[in-house]
Amino acid sequence: MRIAFFVHGYLPWDKYGVPRYIERLANSLVKRGHKIVIISAGRWGLKRYEEINSNYKIYRSYGIVPARLSHFVLEIWSLFIYSLWSILKGPRIIKKEKIEVIHGHTFEWGGVQALLVSKITKRPCIITIHGSGLARNRLQEKFQRALLKYCDFIVCQRKEVLNKIISWGYDLDKVAILGGAAIDTEKYKPLSTKHNVFPVKITFIGRLEDFRGPELLLDAIPIIIQRTSNVIFQFVGDGPKKISLLKKVKELNIEKYVSFLGARNDIDKILMDSDIYVASSPYENFTSLALFEAMSAGLAIVATDVGETKKLLEKKETMLLAKPTPESIAEQLLKLIQNPSLRQKLGRNARDLIVEEYSLLKLTKDQENLYIKVFKNYFSCCSYRKSS
């Protein structure tokens with residue numbers, strides 16, 4: 001099939017969860033004989049059009065970025081340019097590439113644009129609501145409810161989101177939970193020659209923002225080093241809290257234990273070189289792609305007991321849960337630091353769960369079946385309407 005993905009942020013300038021998820025799904029679908037076109041926001045210095053191969057192409061909007069804008073205003077400006085460009089140029093791309101199904105990722109940052117273009121070009125539209133990405137206030141909820149009813153299928157990653165959409169009166173046959181992760185289990189795998197050596201390397205990966213909770217882990221470090229100094233902590237990612245976190249490291253006098261690596265493209269290598277992974281969000285960890293990657297890499301995990309994180313422990317013991325407090329996180333980390341055999345056991349169980357239920361191959365096959373179903377339903381309904 002020929003499928004177009006609409007997503008505002010994409011590689012290489014956006015290196016976080018949704019873009020990496022889409023890249024993996026796109027590559028996997030291409031390997032199975034499908035044609036994928038990515039329609040994303042541009043950035044200065046990036047090509048407007050890029051052909052990875054004959055079945056994998058990227059179109060980018062104008063990378064117009066006015067100087068001296070705050071981070072928030074810059075994001076809104078970028079979204080405006082991307083939305084306008086998508087409506088003006090998107091239909092031409094869809095027709096040129098002979099796209100059969102349009103798939104928007106996230107609501108405002110790809111889903112709305114996909115939906116509008118699908119109505120112009122008369123193509124079926126699927127929107128994936130990544131993570132918890134639904135309304136945060138009444139105005140947003142009205143906007144989302146008004147637009148989603150025109151979508152041909154909605155994919156959710158969380159039961160909470162599914163239940164909300166059903167409560168809005170959405171057709172049960174056109175909404176489902178499908179794949180919270182897309183993990184390449186061959187790329188993200190344990191290092192076969194890893195030995196129990198000190199210092200123990202503890203890793204956090206994610207955007208440096210309140211939602212991901214890097215400060216909770218940072219505040220746990222002084223408690224841990226009072227008990228053991230054989231540890232190092234690395235924070236991978238960038239974001240609005242980076243400056244305040246760097247300042248806090250100095251205030252806590254823990255510079256020799258902590259390093260900030262920035263946004264990276266070699267997450268698989270970083271995980272292979274780590275011993276423990278921490279998912280410290282005070283809100284939700286189940287939406288964190290990096291957590292699933294760490295599990296696939298066979299790392300021992302400490303995760304805060306929030307949202308739907310517990311779902312990852314329903315079948316076997318895959319991690320230690322902590323309250324979203326520095327003291328609880330420190331307590332659970334100390335158990336793993338001091339017990340290599342427990343780290344190995346949890347790592348094996350976590351890896352097994354990802355291979356069985358969250359692999360890229362499983363998600364690709366499920367997504368493939370959905371595209372075929374939506375395509376057939378859409379055009380059979382069109383034929384029925386014409387004949388009527």
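Residues numbered from 1 in each chain as written. Predicted model: local features only at pLDDT ≥ 70, side-chain atom pairs only at ≥ 80, totals over all residues. Heavy atoms only, no water.

Q: Please clarify how the environment of Lys 47 should be interpreted in this entry.
A: Among the structural elements, Lys 47 can be located in the loop between strand E2 (35-40) and strand E3 (49-53). Using a relative accessible area of 58% as the deciding quantity, one classes Lys 47 as exposed. Separated by 14 residues in the primary sequence, Lys 47 and Ser 61 have C-alpha atoms spaced 9.6 Å apart. (Helix = DSSP H or I, 4+ residues; strand = E, 2+ residues; numbered from the N terminus. Buried < 20%, exposed > 50% of the residue type's maximum accessible area, 1.4 Å probe, protein only.)

Q: Would you explain the pairing of strand E4 (residues 56-60) in this entry?
A: One face of the sheet, then the other: side chains in a regular strand alternate in exactly this way. Here E4 lies mainly inside the structure; five of its five residues are buried. Burial along E4 is two-sided: Tyr 56, Ile 58 and Arg 60 facing one way and Lys 57 and Tyr 59 facing the other are all buried. In this structure, E2 lies alongside E4, joined through five bridges in parallel fashion. In the strand pairing of E4, Ile 36 is matched with Tyr 56. The pairing of E3 with E4 spans four bridges and is antiparallel. In the sheet register, Tyr 49 faces E4, and the bridge partner there is Tyr 59. The turn joining E3 and E4, which pair antiparallel and follow one another in sequence, is formed by two residues. (Pairing = 2+ DSSP bridges.)

Q: For this particular structure, what's the right way to read the packing of helix H6 (residues 214-225) against helix H10 (residues 326-337)?
A: Two quantities define a packed helix pair, namely the angle between the helix axes and the distance between the axes. For the pair H6 and H10, the least separation of the axes is 8 Å and the interaxial angle reads 60°. Classed by the angle they form, the pair H6 and H10 counts as oblique. Crossing angle aside, the handedness with which H6 passes H10 is right-handed. Taken together, the residues of H10 that come into contact with H6 (itself represented by Leu 216, Leu 217, Asp 219, Ala 220, Ile 223 and Ile 224) are Pro 326, Glu 327, Ile 329, Ala 330, Leu 333, Leu 334 and Ile 337. (Axes fitted to C-alpha atoms, helices over the stretch in contact; angles between N-to-C directions. Parallel < 35°, antiparallel > 145°, perpendicular 65-115°, else oblique. Left-handed = near helix turned anticlockwise from the far one by under 90°. Contact = heavy atoms within 4.5 Å.)

Q: Any chance you could explain the pattern of salt bridges here in plain terms?
A: Side-chain pairs of opposite charge can arise whenever the charged atoms involved come near each other. Within the structure shown, the criterion is met by 24 salt bridges. For Asp 266, the salt bridge is made with Arg 264, and the minimal N-O distance between the two is 2.8 Å. Under the relative-accessibility criterion, Asp 266 is labelled partly exposed at 22%. A single network of salt bridges, built from pairs that share partners, joins Arg 158, Glu 160, Glu 284, Glu 308 and Lys 311. (Salt bridge = Lys/Arg side-chain N within 4 Å of Asp/Glu carboxyl O.)

Q: Whenever I open this one, the packing of aromatic side chains confuses me. Can you help?
A: The description of an aromatic ring pair rests on the distance of the ring centres and on the angle between the ring planes. Tallying each qualifying case throughout the model produces ten aromatic pairs. When the ring of Phe 235 is compared with that of Phe 260, the centres are 5.1 Å apart and the planes differ by 20°; the resulting orientation is stacked. On the criterion of sequence distance, the pair formed by Phe 235 in strand E10 (residues 231-236) and Phe 260 in strand E11 (residues 258-262) is long-range, its members being 25 residues apart. Of the two residues, Phe 235 and Phe 260, both sit in the buried class. When the centroid spacing of 4.8 Å and the interplanar angle of 55° are considered together, the rings of Phe 375 and Phe 379 count as tilted. On the criterion of helical spacing, the pair formed by Phe 375 and Phe 379 is a turn pair, its members being four residues apart in helix H12 (residues 360-387). On the basis of relative accessible area, Phe 375 is assigned to the partly exposed category, the value being 24%. You can call Phe 379 partly exposed: its relative accessible area is 30%. Ring pairs connect the aromatic residues Phe 204, Phe 235 and Phe 260, which therefore count as one cluster. In this arrangement the basic side chain of Lys 96 is found over the ring face of Tyr 49, its NZ or CZ atom lying 5.8 Å from the centre. (Phe/Tyr/Trp six-rings, centres within 6.5 Å; stacked < 30°, edge-to-face > 60°. Lys NZ or Arg CZ within 6 Å of the ring centre and 35° of its normal.)

Q: Mind showing me how you'd approach a nonpolar patch on the surface here?
A: A surface patch of nonpolar side chains, about 290 Å² in accessible area, is lined by Phe 72, Val 73 and Ile 76. Take Val 73: it is sitting in helix H2 (residues 71-96). For Val 73, a relative accessible area of 39% puts it in the partly exposed group. (Patch = residues over 30% accessible without salt bridge, like charges linked within 9 Å, V, L, I, M, F, W, Y side chains within 5 Å. Areas by Shrake-Rupley, 256 points an atom, 1.4 Å probe, with all protein chains shown as cover.)

Q: I keep staring at the sheet that holds strand E8 (residues 175-177) and nothing clicks. Help me out?
A: The strands making up a sheet associate through hydrogen bonds between their backbones, and the pairing can be parallel or antiparallel. What the eight strands build is an open sheet, ordered E3-E4-E2-E1-E5-E6-E7-E8; its pairing is mixed. At either margin of the open sheet sits one strand with a lone partner, and together these are E3 and E8. On average, each strand axis in the sheet is inclined to that of its neighbour by 20°, with strand direction left out of account. Those strands touched by H2 are strand E1 (2-6), E2, E4 and strand E5 (101-105), and its axis lies near 160° from that of E2.

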